[in-house]
Amino acid sequence: MVVSNFERRMRPFVALQAAVASLGAFAGVFVYAGHGAAAVARYAALMYGTAGLSLVLAFAAGMRMPLKAARLAQAGFALPAALLWWADGRPDLLALAIGGFLGFTWGARHWLELQALGNAERDGYATHVIALAVGVTLAGTLAGSGLLAASGDARRPVYALFALVSGAGVLLAGRHLPEAPPIRLERPLAVLRQAAYRDSLPLFLLESGLIGITMVLTASGAMQSLESASDYGWAASAATLAGALALRAMRSRRHSGNRVGWMRIACCGIVAAAALLGASAAWPRLFIAYLLLQAVVSPFWAASEHVLNQRALDIHGAVGDRIAAREGTLAVFRLGTLALFWWATQALDDHQRLIAGACIIGTAAVLEFQLGRHWLAHHHGAAPGHPYPR
């Protein structure tokens, strides 16, 4: 396996980002256990709204003062490092900490990756860094599960652990990152007016607009099927290990010529996992089978989406403008679809909502594959990035 200089320098940042993000495996379950399904929906809306807004505001701030990607990454880790100590029993504070972390760190990561990676390099890079992220997520989930089991499902030790990991991110994540120009916006509204960008909106909606619904359903299914947050943690750990082994076995088989084939296989797995999630409303133990299958196929699905998203941003405009336009659009989609889903299912009980949501997720995966296949075959945007020296 040939590892580029760019990828080697990105690894510490990607690993620390995945370590803190693994708290997401517990956050929705914690909120559901303490406050119910409606609170999870509010938490998801506030978290993803904060993520989109923080990224756009950070990029806009770069128009007034130079902003390095390394500093933005450190700011992202600083939020959970400071706020998670007081997050127990406070879903809104938890949402602000995790949302700000996601917005700032992904803003920095998008900026660096789009500056450095050419189209042909993206498949291998995505597979490698997602494999790294899955391995770190497994370690984080195991650590959180162990703390929950040892403390009788007390959440404060888990928040403290992730606050400490976030503090390590403040100190270490910005070191040795690849050089890139300062982050800034130039003409973001011009991106929104491009036909190529408007053509990608259905894809963005299906890829990330439904992520809030998925969080609500996963938390609901976990608490209906398993007895405690620690039980969920152990099941999620086993599932993550299965995903890591599957991704490692196939890590060298992706390239720019077989993107559609890999996405087709992953789509079939996502649809089957959604079917298991819906069936777990009637047979709760199927939720564990859902976790296992979802964990096996989601890294492959995520690698396809990672490449597809970057390909969708190969359009005219400055890098910062394209990133901010996409993330602002995704924030609107996430909030809108979550609000619409909750309004449409408010008369349903949790079991019925789980079935309805699983049907939506499975259908969305099929539509996303069809759109992605068509988009990869027919879209030819300008690719402004240049490969990072090897």
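The preceding data block contains the structure.
What this report covers is the structure whose coordinates are included nearby. No experiment lies behind these values; they were computed from the predicted model shown.

1. Looking at the environment of Leu161
Part 1 of the argument: Note that Leu161 resides in helix H7 (residues 156-172).
Part 2 of the argument: When the C-alpha atoms of Leu161 and Leu84 are compared, they prove to be 9.1 Å apart, with 77 residues separating the residues in sequence.
Part 3 of the argument: Not counting chain neighbours up to four residues away, the residues in contact with Leu161 comprise Ala143, Gly144 and Leu147.

2. Observations regarding the packing of helix H4 (residues 69-83) against H7
Part 1 of the argument: Relative to each other, H4 and H7 sit at 155°, their axes nearing to 8 Å. As summarised for this structure, H4 and H7 are arranged roughly antiparallel, according to the angle between their axes. Seen from above, H4 lies across H7 with left-handed handedness. In this structure, H4 uses Gln74, Phe77, Ala78, Pro80 and Ala81 to contact H7, whose residues at the interface are Ala163, Ser166, Gly167, Gly169 and Val170.
Part 2 of the argument: Broken down by class, the residue content of the contact of H4 with H7 amounts to six nonpolar, four polar and no charged.

3. Remarks on the packing of aromatic side chains
Part 1 of the argument: This structure, assessed with the given rule, holds six aromatic pairs.
Part 2 of the argument: Centre to centre, the rings of Phe30 and Tyr159 are 5.7 Å apart; their planes meet at 75°, and the pair counts as edge-to-face. Separated by 129 residues along the polypeptide, Phe30 in helix H2 (residues 24-35) and Tyr159 in helix H7 bring together distant segments of the chain. The two residues Phe30 and Tyr159 agree in class, both being buried.
Part 3 of the argument: A connected cluster of aromatic rings, assembled from ring pairs, spans Phe13, Phe77 and Phe101.
Part 4 of the argument: One Lys or Arg, Arg353, reaches over the ring of Trp342 and ends 4.2 Å from the middle of that ring.

4. Some details on helix H5 (residues 91-116)
Part 1 of the argument: The terminal C-alpha atoms of H5, which comprises 26 residues, lie 37 Å apart, in line with the 38 Å expected from a rise of 1.5 Å per residue.
Part 2 of the argument: Buried residues dominate H5, accounting for 22 of its 26 residues.

Rules and cut-offs
- Residues numbered from 1 in each chain as written.
- Predicted model: local features only at pLDDT ≥ 70, side-chain atom pairs only at ≥ 80, totals over all residues.
- Heavy atoms only, no water.
- Helix = DSSP H or I, 4+ residues; strand = E, 2+ residues; numbered from the N terminus.
- Contact = heavy atoms within 4.5 Å.
- Axes fitted to C-alpha atoms, helices over the stretch in contact; angles between N-to-C directions.
- Parallel < 35°, antiparallel > 145°, perpendicular 65-115°, else oblique.
- Left-handed = near helix turned anticlockwise from the far one by under 90°.
- Nonpolar A, V, L, I, M, F, W, Y, C, P; charged D, E, K, R; others polar.
- Phe/Tyr/Trp six-rings, centres within 6.5 Å; stacked < 30°, edge-to-face > 60°.
- Buried < 20%, exposed > 50% of the residue type's maximum accessible area, 1.4 Å probe, protein only.
- Lys NZ or Arg CZ within 6 Å of the ring centre and 35° of its normal.
- Expected span 1.5 Å × (residues − 1).

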